[in-house]
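Each chain, letter by letter, is given below.
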Amino acid sequence: MSITITKIKLGEFFPYDGSWNPRGDDAGGFDICIWFKNDSNKTIKYITFIVTAYNRVGDPAICEVNNTATKRLKFVGPVESQEITNGIWNTAWYNYTLSTAKIEKIEIEYMDGSTEEQTTGLEVNSQS
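Now for a look at the structure at hand. (Residues numbered from 1 in each chain as written. Predicted model: local features only at pLDDT ≥ 70, side-chain atom pairs only at ≥ 80, totals over all residues. Heavy atoms only, no water.)

**Let's talk about the side chain of T52**
Relative to the assigned elements, T52 resides in strand β4 (residues 44-55). Polar contacts involving the side chain of T52 include one to the side chain of E104, which spans 3.3 Å. Discounting chain neighbours no more than four positions away, the residues touching T52 are A69, T70, W93, T100, A101, K102 and E104. (Helix = DSSP H or I, 4+ residues; strand = E, 2+ residues; numbered from the N terminus. Polar contact = N/O pair within 3.5 Å; in protein donor to acceptor, adjacent residues only side chain to side chain. Contact = heavy atoms within 4.5 Å.)

What follows is the structure, encoded as structure tokens:
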């Protein structure tokens, strides 16, 4: 595995103090933050997280703005080998029923131009 996911947070993010409202904002908007570690021996240029949102009963939580539960969340590096960092995407979904999100796949482009897809080890691993 090239990427280890160390934490995922959903809700409304308040940048002035770093706190989160897990219920989202008043319009049903949810931000997402993904903390991760570059476990490869290369520097990452771009990472795209393919993430699907779900409601409390496990059904996809369709965004009321663009009519999809799955988003492509792009992170721009560089991310050095063994570096731990995070990306935050504001109002990635608008859906009052959103409860959780699952990373389906990660697409990685390295500084040397090589690419890789990761479809395993996408759960949160707090051991890293």
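Once the structure has been displayed, the description carries forward.
**Some thoughts on the sheet that holds strand β5 (residues 70-79)**
In spatial order, the strands read β5-β4-β7-β8; together these four strands make up an open sheet with antiparallel pairing. Every interior strand has two partners, whereas the edge strands, β5 and β8 (115-118), have only one. In this sheet, neighbouring strand axes are inclined to one another by 25° on average, regardless of whether the strands run parallel or antiparallel. Bridge count for β4 against strand β7 (residues 98-110) is eleven bridges, and the pairing is antiparallel. Looking across to β7, one finds that I50 is bridged to K105. (Pairing = 2+ DSSP bridges. Axes fitted to C-alpha atoms, helices over the stretch in contact; angles between N-to-C directions.)

**Observations concerning the sheet that holds strand β6 (residues 84-94)**
Strand order in the open sheet formed by four strands is β2-β1-β3-β6, and the pairing between neighbours is antiparallel. In this open sheet, the two edge strands, each paired with only one partner strand, are β2 (19-21) and β6. Strand after strand, the sheet turns through a mean of 40° between neighbouring axes, direction not considered. Pairing between strand β3 (residues 29-38) and β6: eight bridges, direction antiparallel. Each residue of the ladder has a partner; that of K37, found in β6, is I84.

**Quick word on the nonpolar core**
Nonpolar side chains tend to gather and get buried jointly when the protein is soluble and globular. In terms of nonpolar packing, the biggest core is built from 27 residues, with I32, I34, F36, F49, V51, W93 and I106 touching the most fellow members. Of all the elements in the fold, those that place two or more residues in this core are β1 (3-14), β3, β4, β5, β6 and β7. Among residues more than four places away in sequence, those in contact with I34 are I5, K7, I8, F49, V51, T85, N86, G87, W89 and I103. (Core = buried A, V, L, I, M, F, W, Y, C linked by side-chain atoms within 4.5 Å. Buried < 20%, exposed > 50% of the residue type's maximum accessible area, 1.4 Å probe, protein only.)

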